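# Results of the structural survey
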Amino acid sequence: MVDVARQLLDELMGRNRNLDPSASAKEVSWTDEEFCPYFLVKFCPHDLFVNTRADLGQCTKLHDDEAKRLFDEAKPCRKKTQYEEDFLRFCTNMINEVDRKIVKGKQRLLLMNSKTEGGRPAPKHQEQISVLTERINKLVRDAEEAGTRGDVEQAQGLMEQCDQLKEEKEALIKQHESNGWSVTAEIAASQEKQMEVCEVCGAFLIVGDAQQRIDDHLTGKQHLGYSKLRKAVDEMYEARRKNTINLEERRSKDDDRRRRDNTKREEHKSRERDDRYNNKREDRDRNRYRRDHRDYKDRSDRYDNRQRDRHSRRDRNERDRDRSRSRSY
């Protein structure tokens with residue numbers, strides 16, 4: 001009891017309520033073991049089923065809003081992921097337990113229905129009685145809705161039809177009893193009040209029950225608690241699915257970007273190889289042209305030299321002939 005009161009005071013006034021206001025308060029960290037990890041993630045399941053059959057008892061950890069804010073603002077890390085995994089595992093186990101309860105409840109109803117088959121009228125008569133019961137229940141609901149809207153005449157007309165169907169049903173039951181079929185009051189009540197199992201919390205409900213009792217059930221702690229658990233689990237799985245899809249999309253985009261980069265890099269390398277090849281070919285062509293030009297120039301020079309030599313010899317011979325003629329004269 002003292003621990004509960006201390007925890008309540010910590011939640012209302014803060015953990016440092018007894019310290020000197022002038023003293024520096026200890027900095028809050030969401031990683032402290034005193035804080036409830038379930039409350040940090042979303043909510044504490046111990047607070048959902050107080051004073052119900054599914055009561056989990058008082059939570060031994062501290063529920064601090066400042067620590068929850070720090071947890072929400074914290075970057076993803078291993079401890080934060082572990083907290084989320086623990087919360088999801090705890091809620092999933094509770095949901096699995098209530099789902100098993102729902103399955104057992106449905107099996108129980110099937111067993112009860114199978115046991116009452118032996119005392120009911122023949123299948124043909126049973127079908128007639130069931131049809132009349134459904135019509136009576138529908139007319140009662142319609143009359144209630146008409147009365148709620150203020151349409152008194154329509155409500156009275158529906159109730160008159162309902163009374164007629166009830167008389168037909170009673171006459172049919174009496175006829176079956178006179179023919180040797182025993183229709184007990186319990187069977188008739190079971191026909192009028194068919195049971196079903198709530199798909200959220202596993203509670204037994206009456207088919208076609210009054211709207212007020214249905215609303216009371218839907219707003220009850222147990223139904224709202226399991227509904228909140230299922231919603232939280234679905235949200236977390238949906239968030240994980242979206243994160244997985246986003247991660248796959250980012251990976252796909254990264255792969256596409258890497259492929260484009262590799263393609264550009266290969267194209268760049270290919271252009272560089274082509275440029276080097278073209279440069280080498282141009283250098284070879286240039287060297288070949290220079291070599292050919294040099295060879296041509298050399299041949300041309302040798303030819304010019306031979307021509308000059310030839311002309312020079314010819315001029316010298318002509319001068320010698322002229323000189324010899326002049327001597328002869």
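All of the points below concern the structure found in this document. Everything quoted here is computed from the prediction, not taken from an experiment.

Helix and strand counts for the protein stand at nine helices and two strands. Reading the protein from its N terminus to its C terminus gives the helix and strand order α-α-α-α-α-α-α-β-β-α-α. Buried residues in the protein amount to 23% of all 329 residues. A fraction of 70% describes how many contacts in the protein between residues 6 or more apart in sequence connect residues 24 or more apart. Element-wise, carbon and sulfur atoms account for 48% of the exposed surface of the protein, whose accessible area totals about 24500 Å².

Our focus in this paragraph is a negative patch on the surface. Judged by side-chain charge, E160, D163, E167, E168 and E170 come together as a negatively charged surface patch. Position of D163 relative to the elements: it lies in helix 6 (residues 152–178).

Even without being a glycine, N51 presents a positive backbone phi close to 60°. Counting through the fold element by element, N51 comes out in the loop between helix 2 (37–41) and helix 3 (65–73).

A separate point is the nonpolar core. Among the nonpolar cores identified, the biggest contains 31 residues, and W30, L40, F49, F87, Y226 and L229 are the most heavily contacted of them. Secondary-structure elements contributing two or more residues to this core are helix 2, helix 3, helix 4 (78–115) and helix 9 (221–328). Residue contributions to this core peak at seven residues, all from helix 4. Setting aside its immediate chain neighbours within four residues, W30 contacts F35, L40, A67, L70, F71, A74, C77, K79, K80 and Y83. The next biggest cluster of nonpolar side chains, apart from the first, holds ten residues, and it includes I129, L132, I136 and I173.

About the thresholds
Residue numbers restart at each chain and count upward from 1, following the sequence in its written direction. At least 70 in pLDDT is required for a residue's local features to be given in this predicted model, at least 80 for side-chain atom pairs to be given and counted, and no such filter applies to totals for whole chains, interfaces and linings, which use all residues. Hydrogens and waters are ignored; side-chain quantities use all the structure's heavy atoms. For the purposes of this entry, the term helix denotes a DSSP run of H or I that reaches at least four residues, the term strand denotes a run of E that reaches at least two, and both are numbered from the N terminus. The rule is simple: take the accessible area with a 1.4 Å probe, protein chains only, and divide by the maximum for that residue type; under 20% is buried, over 50% is exposed, in between is partly exposed. Here, two residues are considered to be in contact whenever any of their heavy atoms come within 4.5 Å of each other. Note on areas: these come from Shrake-Rupley sampling with a 1.4 Å probe, and a residue is covered only by the protein chains present in the view. Patch construction takes residues with relative accessible area above 30% that form no salt bridge. Like charges are linked within 9 Å, and nonpolar side chains (Val, Leu, Ile, Met, Phe, Trp, Tyr) are linked within 5 Å. Any carboxyl oxygen of Asp or Glu within 4 Å of a side-chain nitrogen of Lys or Arg constitutes a salt bridge here. Lys and Arg are tallied as positive, Asp and Glu as negative. Neither His nor the chain termini are counted. Here the site of a charge means atom NZ of a Lys, CZ of an Arg, CG of an Asp or CD of a Glu. Residues belong to one nonpolar core when they are buried, are Ala, Val, Leu, Ile, Met, Phe, Trp, Tyr or Cys, and are joined through side-chain atoms within 4.5 Å.

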